[in-house]
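These are the residues of each chain, in order.
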Amino acid sequence: ETIGMSTVGVRVHLGQFQWPKMNKSPMISRVDGNHRLFGVDELLDRADEDEAELPDSFPEVSFSLLIGLSPVDEARLFRDINGEHKGMETAHLAQLELRTTEEAELRDDPKRRPLWIADKLSRPGMAFAGMVFKGGSTKGVKAENGKVPPVKINALRSAIAQQLALAPTVLMAFGDSPDTILTLLNNYWSAVRDTFTEEWADKKEYILLQAIGLGGFAKFGGQLLERAIQEDTVDRDAFMHYLAPVKKKISLARSDWTAIAGAGGQAHVATKLYAACDALEVKASKLKAQLGIEKETLANQLETEE
């Protein structure tokens, strides 16, 4: 059969078949490529349902068909092909998605936007600059930069998705303005970085950039975004005022969070963070900053008059 410019042909030795076919012993064994063939089937089904023409660049897929295998032979071969392979680095898969997808497609799709935001946050001048591993050889990255960045891009994508899920007001107000959402998130994570400088720089000894910490601060950050929107204070300094009492009350040392892990651990961290974010202390932090500015301004005026 000819499809586009490609010719597909299958030669079958009919002598290998038994008619009628046996109930259990396979006549043709498809031991590798099932998922790829299934994708082609889906494409053909959609074209048939929509009465649409097939795309000019019909996908080329690889698969193997074997004839005459016994059920035991098929099972062994399937195990050998599919059971011993090494899983691909998920950060690399996320990076491939970034490279093969139009930026606007990621930015404008709410379900895929967290990956776009994670990538933007890792750029120079942004909160996670130099902190995000995007796949590839860890040895090569370490040789070039002296270390492997502590946060995988897929982990950051997941954290962003969790944060936005807990900020419905932000999504309602700015759902059609991805750049605004990006700015809000960059302000929050920049405040986290600048408040917890030691913890940000040491993933081994502190939980901030570990799974429970990153997820916990993301969940806490979603609640904080809602609070900040209601109080009309959403710049980096405003978030630092929210974080000031947390810095005073909460230790992020790994040794203080033993036996805490997984999604439950992230929720536990977020609960502790929000409990420490006392409204009165946040207000006091803001007022102290304002008084400090006024005091400096007054001192400058006095020096000028002298």
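Residues numbered from 1 in each chain as written. Predicted model: local features only at pLDDT ≥ 70, side-chain atom pairs only at ≥ 80, totals over all residues. Heavy atoms only, no water.

1. Some words on the packing of aromatic side chains
For clarity, the threshold we go by: Each Phe, Tyr or Trp ring (for Trp, its six-membered ring) is paired with any other whose centre lies within 6.5 Å, and the angle between the two planes then decides the class: stacked below 30 degrees, edge-to-face above 60, tilted in between. We count a stretch as a helix when DSSP gives it H or I for four or more residues in a row; a strand needs E for two or more, and each element gets its number in order from the N terminus. For every residue, the accessible area (1.4 Å probe, protein chains only) is compared with the maximum for its type, and the residue is labelled buried under 20%, exposed over 50%, or partly exposed between those bounds.
Tallied over the entire structure, the rule returns eight aromatic pairs. Judged by centre distance (5.0 Å) and plane angle (45°), the rings of F128 and W200 are tilted. Of this pair, F128 sits in the loop between α5 (113-121) and β5 (132-133) while W200 sits in helix α10 (residues 197-201), and the two are 72 residues apart along the sequence. Relative accessible area serves as the criterion here: at 0%, F128 is assigned to the buried category. Their ring planes at 75° and their centres at 5.5 Å tell us that F196 and F217 sit as a pair that is edge-to-face. Of the two residues, F196 is situated in the loop between α9 (178-195) and α10 and F217 in helix α11 (residues 211-230); the sequence distance between them amounts to 21 residues. Each residue in the set F128, Y188, W189, W200, F239 and Y242 is aromatic and connected to the rest through ring pairs, giving one cluster.

2. Re the packing of α11 against helix α13 (residues 262-276)
Note the cut-off: Angular values range over 0 to 180 degrees, each being the angle between N-to-C directions of two axes fitted as lines to C-alpha atoms, with helices fitted over their stretch in contact. Each angle is binned into one of four classes, with values under 35 degrees roughly parallel, values over 145 roughly antiparallel, values of 65 to 115 roughly perpendicular, and all other values oblique. By convention the crossing between two helices is left-handed if the near helix lies anticlockwise of the far one by an angle smaller than a right angle, and right-handed if it lies clockwise. Two residues form a contact once any of their heavy atoms are found within 4.5 Å. For this scheme, ten residues count as nonpolar: Ala, Val, Leu, Ile, Met, Phe, Trp, Tyr, Cys and Pro. Four count as charged, namely Asp, Glu, Lys and Arg, and the remainder, Gly too, count as polar.
Put simply, α11 and α13 touch, their axes get as near as 7 Å, and they point 45° apart. On the basis of their axis angle, the class for α11 and α13 is oblique. Helix-helix and strand crossings are classified by hand; for α11 and α13 the assignment is right-handed. In contact with A211, I212, G215, G216, F217, K219, F220, Q223 and R227 of α11, α13 contributes G262, G265, Q266, A267, V269, A270, L273 and Y274. Classifying every residue of the contact of α11 with α13 gives nine nonpolar, six polar and two charged.

3. Focus: the nonpolar core
Stated precisely, the cut-off is as follows: Only buried residues count toward a nonpolar core, which is a set of Ala, Val, Leu, Ile, Met, Phe, Trp, Tyr and Cys residues joined through side-chain atoms within 4.5 Å.
I117, F128, W189, V192, F217 and F220 are the most contacted members of the largest nonpolar core, which totals 60 residues. Contributions of two or more residues to this core are made by α3 (90-100), α5, β5, α7 (153-165), α9, α11, α12 (236-249) and α13. When residues of this core are assigned to their parent elements, the largest contribution, nine residues, is made by α11. Each residue touching F220, except ones within four places of it in the same chain, is listed here: Y188, L243, V246, A270, L273, Y274 and C277.

4. Some remarks on the side chain of S190
Along the chain, the position of S190 falls in helix α9. By relative accessible area, which is 6% here, S190 ends up buried. Each residue touching S190, except ones within four places of it in the same chain, is listed here: A127 and R236.

5. Side note on the environment of A289
With respect to the helices, strands and loops of the structure, A289 is situated in helix α14 (residues 279-305). Since its relative accessible area comes to 30%, A289 is described here as partly exposed. C-alpha separation for the pair A289 and H241, spaced 48 residues apart in sequence, amounts to 8.9 Å.

6. Side note on the pattern of salt bridges
Rule in force here: The salt bridge criterion pairs a side-chain nitrogen of Lys or Arg with a carboxyl oxygen of Asp or Glu, the two atoms within 4 Å.
Following the criterion strictly, the structure yields 12 salt bridges and no others. The partner of R193 in a salt bridge is D194, with the nearest N and O atoms 2.9 Å apart. On the basis of relative accessible area, R193 is assigned to the partly exposed category, the value being 23%. On the basis of relative accessibility, which here comes to 27%, the residue D194 falls in the partly exposed class. Where E231 meets R227, a salt bridge forms, and the shortest distance between an N and an O atom there is 3.9 Å. In this structure E231 comes out as partly exposed when scored by relative accessible area, which is 38%.

7. Let's talk about the packing of α9 against α11
Between α9 and α11, the shortest axis-to-axis distance is 11 Å and the interhelical angle comes to 120°. In terms of their interaxial angle, α9 and α11 are classed as oblique. Both α9 and α11 take part in a crossing whose hand is right-handed. Contacts between α9 and α11 involve L184, L185, Y188, W189 and V192 on the former and, on the latter, L214, F217, A218, F220, G221, L224, L225 and I229. Split by residue class, the contact of α9 with α11 holds 12 nonpolar, one polar and no charged.

8. Here's the deal with a negative patch on the surface
Filter applied, for reference: Each patch is assembled from residues with relative accessible area greater than 30% and no salt bridge, linking like charges that lie within 9 Å and nonpolar side chains (Val, Leu, Ile, Met, Phe, Trp, Tyr) that lie within 5 Å. Here, Shrake-Rupley sampling with a 1.4 Å probe gives the accessible areas, and only protein chains in the shown set may cover a residue. His is not counted here, nor are the chain ends, while Lys and Arg score as positive and Asp and Glu score as negative. Note on charges: their place is set at NZ of Lys, CZ of Arg, CG of Asp or CD of Glu.
Taken together, E42, D45, D48, E49, D50 and E51 make up a surface patch of like negative charges. Within the secondary structure, E51 sits in the loop between α1 (34-50) and β4 (64-67).

9. As for unusual backbone geometry
Both trends apply: most residues other than glycine have a negative phi, and most peptide bonds are in trans. With a phi angle near 55°, D232 is a residue other than glycine that sits in the positive phi range. Within the fold, D232 resides in the loop between α11 and α12. Despite not being glycine, A259 has its phi angle at roughly 60°, a positive value. Following the sequence through the fold, A259 ends up in the loop between α12 and α13.

10. Focus: α12
Put simply, the rule reads: Each helix should span, by expectation, one fewer than its residue count multiplied by 1.5 Å. In this analysis the local bend is the angle between axes fitted, respectively, to the seven residues ending at and the seven residues starting at the residue.
Here α12 is 14 residues long and its end C-alpha atoms lie 20 Å apart, about the 20 Å a rise of 1.5 Å per residue gives. Of all the bends in α12, the greatest, near 35°, is centred on L243, and the proline P245 appears no more than four residues after it. Within α12, burial applies to A238, F239, H241, Y242, L243, P245 and V246.

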